[in-house]
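Here's the letter readout for the chains.
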Amino acid sequence: MNVDHEVSLLVEEIKRLGSPNAEGKTSVKFGVLFEDTRCANIFEALVGTLRAAKKRKIITFQGELLLQGVHDNVEVVLLTE
């Protein structure tokens, strides 16, 4: 799979699992994405896909890298709808 395709799949999964935040943007906690069975089957490297999407300014989250357990409560926010 190419990166653009994986990023577009990530956007769909954030929409499926997320809900509107205070600013009206769709957001989901990293732990929810990481633990989701469907996401686990789609993404070989979820963290890498998240970083690629952040670089493209499609999503945002606190920090540079998200790690399971440590960052489970970090919000991943979709910047585009």
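Residues numbered from 1 in each chain as written. Predicted model: local features only at pLDDT ≥ 70, side-chain atom pairs only at ≥ 80, totals over all residues. Heavy atoms only, no water.

Undergrad: Run through helix α4 (residues 46–55), naming residues and quoting values.
TA: Those residues of α4 that fall on the buried side of the exposure criterion are L46, T49, L50, A52 and A53. Relative to the axis of α4, the buried residues are bounded by an arc of 165 degrees and lie together on one face. Elements in contact with the buried residues of α4: α1 (3–17), α2 (30–35), β3 (59–60) and β4 (75–78). K57 sits one or two positions beyond α4 and adopts a positive phi of about 60 degrees. (Buried < 20%, exposed > 50% of the residue type's maximum accessible area, 1.4 Å probe, protein only. Helix = DSSP H or I, 4+ residues; strand = E, 2+ residues; numbered from the N terminus. Arc of directions from axis to C-beta. Contact = heavy atoms within 4.5 Å.)

Undergrad: Run through the sheet that holds strand β2 (residues 26–29), naming residues and quoting values.
TA: Ordered in space as β1-β2-β4-β3, the four strands form an open sheet in which the pairing is antiparallel. The open sheet is flanked by β1 (19–20) and β3, the only strands paired with a single partner. Relative to β4, β3 runs antiparallel, the two sharing two bridges. Within β4, the position partnered with I59 by the bridge is L78. (Pairing = 2+ DSSP bridges.)

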